[in-house]
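The residues making up each chain are set out below.
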Amino acid sequence: MFLKHSKTIRQCEAAINSAKYVLSDEEYSESMDYILKHNEWLVGLEFAMDLIDEYERKITFDTYSEFEKAFSLMDLVPNKRLFRLKEQIEETEQSR
């Protein structure tokens, strides 16, 4: 059980770190605090996801994938926030 929690925490950290380029320092810190200080993994992810969606901040597919992996490790099915996050993926020449 501890190993799964540890892996989940690391993946949540990876997801937030992957989105650092679209979050302010304060937003990044608050997201990480939810995950690391309060053990509120989903709250930390959803906080960052809501900011990305609300302010239409474009992300890479890799960033989206990190969030998707975190959801999977928490045994969560994709929800509206994850679908909206996917809509923020910046279209590149490779993705066309």
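Everything here concerns the structure above.
The rules we used
- Residues numbered from 1 in each chain as written.
- Predicted model: local features only at pLDDT ≥ 70, side-chain atom pairs only at ≥ 80, totals over all residues.
- Heavy atoms only, no water.
- Phe/Tyr/Trp six-rings, centres within 6.5 Å; stacked < 30°, edge-to-face > 60°.
- Helix = DSSP H or I, 4+ residues; strand = E, 2+ residues; numbered from the N terminus.
- Buried < 20%, exposed > 50% of the residue type's maximum accessible area, 1.4 Å probe, protein only.
- Lys NZ or Arg CZ within 6 Å of the ring centre and 35° of its normal.
- Axes fitted to C-alpha atoms, helices over the stretch in contact; angles between N-to-C directions.
- Parallel < 35°, antiparallel > 145°, perpendicular 65-115°, else oblique.
- Contact = heavy atoms within 4.5 Å.
- Nonpolar A, V, L, I, M, F, W, Y, C, P; charged D, E, K, R; others polar.
- Expected span 1.5 Å × (residues − 1).
- Arc of directions from axis to C-beta.
- Left-handed = near helix turned anticlockwise from the far one by under 90°.

**Focus on the packing of aromatic side chains**
Then step 1. Enumeration according to the criterion identifies two aromatic pairs in this entry.
Then step 2. Ring plane angle 40° and centroid distance 6.2 Å describe the contact between Phe61 and Tyr64, whose orientation is recorded as tilted. Of this pair, Phe61 and Tyr64 both sit in helix α4 (residues 61–73), three residues apart, which is roughly one turn of that helix.
Then step 3. Judged by its relative accessible area of 4%, Tyr64 is buried.
Then step 4. The ring of Tyr28 carries the charged tip of Lys20 above its face, separated from the ring centre by 4.5 Å.

**Side note on the packing of helix α1 (residues 2–18) against helix α2 (residues 25–36)**
When two helices pack together, you describe them by how their axes are tilted relative to each other and by the distance separating the axes.
Then step 1. Packing of α1 against α2 brings their axes to within 10 Å, and their N-to-C directions diverge by 175°. On the basis of the axis angle, α1 is roughly antiparallel to α2. Residue-level contacts link Ile9, Cys12, Glu13, Ile16 and Asn17 of α1 to Tyr28, Ser31, Met32, Ile35 and Leu36 of α2.
Then step 2. Taken together, the residues of the contact of α1 with α2 break down into seven nonpolar, two polar and one charged.

**Examining α2**
Then step 1. Look at α2: 16 Å from first C-alpha to last across 12 residues, which is about the 16 Å you get at 1.5 Å a residue.
Then step 2. For α2, the full list of buried residues reads Glu27, Tyr28, Ser31, Met32 and Ile35. Take α2 and look down its axis: the buried residues cluster within an arc of 125°, on one side only. Residues of α2 that are exposed and point more than 90 degrees away from the buried face comprise Asp25 and Glu26.

**A closer look at α1**
Then step 1. Look at α1: 24 Å from first C-alpha to last across 17 residues, which is about the 24 Å you get at 1.5 Å a residue.
Then step 2. Looking only at α1, the buried set comprises Thr8, Gln11, Cys12, Ala15, Ile16 and Ser18. All buried residues of α1 lie within an arc of 165° about the axis, which places them on one face of the element. Across α1 from its buried face, at more than 90 degrees, point the exposed residues Phe2 and Leu3.
Then step 3. The inward-facing, buried residues of α1 contact α2, α3 (41–54) and α4.

**Some remarks on the packing of α1 against α3**
Then step 1. For the pair α1 and α3, interaxial distance at closest approach is 10 Å and the crossing angle is 15°. Taken together, the axis directions place α1 and α3 in an arrangement best described as roughly parallel. Pair α1 / α3 crosses with left-handed handedness. On α3, the residues touching His5, Thr8, Ile9, Cys12, Ala15 and Ile16 of α1 are Trp41, Gly44, Leu45 and Ala48.
Then step 2. Residues of the contact of α1 with α3, tallied by class, amount to seven nonpolar, three polar and no charged.

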